[in-house]
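Architecture at a glance
Here is what each chain is made of, one letter per residue.
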Amino acid sequence: NLRLYPAYATAFAAHFWLPVFFLYFQSHLTVPQVLRLEALYYFAVVLAEVPSGYFSDAIGRRITLIIAASSVSIAYALFFLGTGFTHFAAAQIFLATGIAFNSGTNTALHYDTLARLERTAEYGQREARVSRLTFFGSGVAALFGGLVATFGLRNAYALSFAGGVAALIL
């Protein structure tokens, strides 16, 4: 876990789509529909956040992170292939579920691993390193996502799909 966690966190946070999502949605939908999609996303995150924490505690961190990575991968595939509101709405729900299931579970797995190894004193420094990597990775992904989107907006979702699958494998 200690070796793979930084790579997992970075792959999960590779949001290549972030700089172009509104433009992509708007190329398929009206502005009011895009705004409804965003409201749906935030509503779904709120609904999934508490149950995901309980699920992580009751069922396990690993399976929760597998669900998170699977959910975002499905979301990115739906975004890439989708053309209408229904496809994008389903994708938003999968994206929200994935982000909610990852939220907190990733750092809890990190802490639990260190606790089992009786190395909890290292947690702050290690988590800061992972945060630094994910912020840097997110920034690079956003820049690269914007670049590949110049050849087609949906390309950013193809790269995000690759990141989601990499997180799932890790």
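For the structure, see preceding data.
Below is a short write-up of the structure. Keep in mind that what you see is a predicted model, and the values were worked out from it rather than measured.

Moving on: the layout of surface pockets. Taking a probe equal in size to a water molecule and rolling it over the atoms shows the remaining empty space. By volume, the largest pocket is sized at about 270 Å³. Among the elements of the structure, helix H1 (5–12), helix H4 (61–81) and helix H8 (155–169) are those that each provide at least two residues to the lining of the largest pocket. By residue number, the principal contributor to the lining of the largest pocket is H4, which donates four residues. Here the lining of the largest pocket is composed, by residue class, of eleven nonpolar, one polar and one charged.

Moving on: the nonpolar core. The biggest cluster of nonpolar side chains holds 34 residues, and the ones touching the most others in it are Tyr 8, Phe 25, Tyr 76, Phe 79, Phe 88, Leu 95 and Tyr 157. Of all the secondary-structure elements, those providing two or more residues to this core are H1, helix H2 (21–28), helix H3 (31–58), H4, helix H5 (85–102), helix H7 (123–149) and H8. The leading source of residues in this core is H4, at seven residues. Those residues in contact with Phe 79 that sit more than four places away from it in its chain are Tyr 24, Phe 25, Phe 88, Ala 91, Gln 92, Leu 95 and Tyr 157.

Secondary-structure assignment places Thr 134 in helix H7. In this structure the side chain of Thr 134 is engaged in a polar contact, spanning 3.0 Å, whose partner is the backbone oxygen of Ser 131. When neighbours within four sequence positions are excluded, Thr 134 is seen to be in contact with Ala 9, Thr 10 and Ala 13.

The rules behind these values
- Per-chain numbering applies: the sequence of each chain, read as written, is numbered from 1 onward.
- Since the coordinates come from a predicted model, pLDDT governs what is reported: local features require at least 70, and pairs of side-chain atoms require 80 or more to be given and counted, while whole-chain, interface and lining totals use all residues.
- For side-chain calculations, the full set of non-hydrogen atoms in the structure is used, while hydrogens and water are omitted.
- Of the grid points, spaced at 1 Å and generated over the protein atoms alone, those admitting a 1.4 Å probe that cannot get out make up cavities, while open sets with protein on both sides within 12 Å along at least five of seven lines make up pockets; any residue with an atom within 4 Å of a point is treated as lining.
- Grid points are joined across faces, edges and corners, and a volume is the space filled by probe spheres set on the points.
- Secondary structure elements are defined from DSSP: runs of H or I of at least 4 residues count as helices, runs of E of at least 2 residues count as strands, and each element is numbered from the N terminus.
- Any residue outside Ala, Val, Leu, Ile, Met, Phe, Trp, Tyr, Cys, Pro, Asp, Glu, Lys and Arg is labelled polar, Gly included; the first ten of those are nonpolar and the last four are charged.
- For our purposes a nonpolar core is just a set of buried Ala, Val, Leu, Ile, Met, Phe, Trp, Tyr and Cys residues, chained together by side-chain atoms within 4.5 Å.
- Each residue's exposure class comes from its accessible area (1.4 Å probe, protein chains only) as a fraction of the maximum for that residue type: buried when under 20%, exposed when over 50%, partly exposed otherwise.
- Every residue pair with non-hydrogen atoms within 4.5 Å of one another is taken to be in contact.
- Pairing of N or O atoms within 3.5 Å defines a polar contact, subject to two protein rules: one partner must be a possible hydrogen donor and the other a possible acceptor, and residues neighboring in sequence count only if both atoms are side-chain atoms.

Read these as geometric descriptors, not functional statements.
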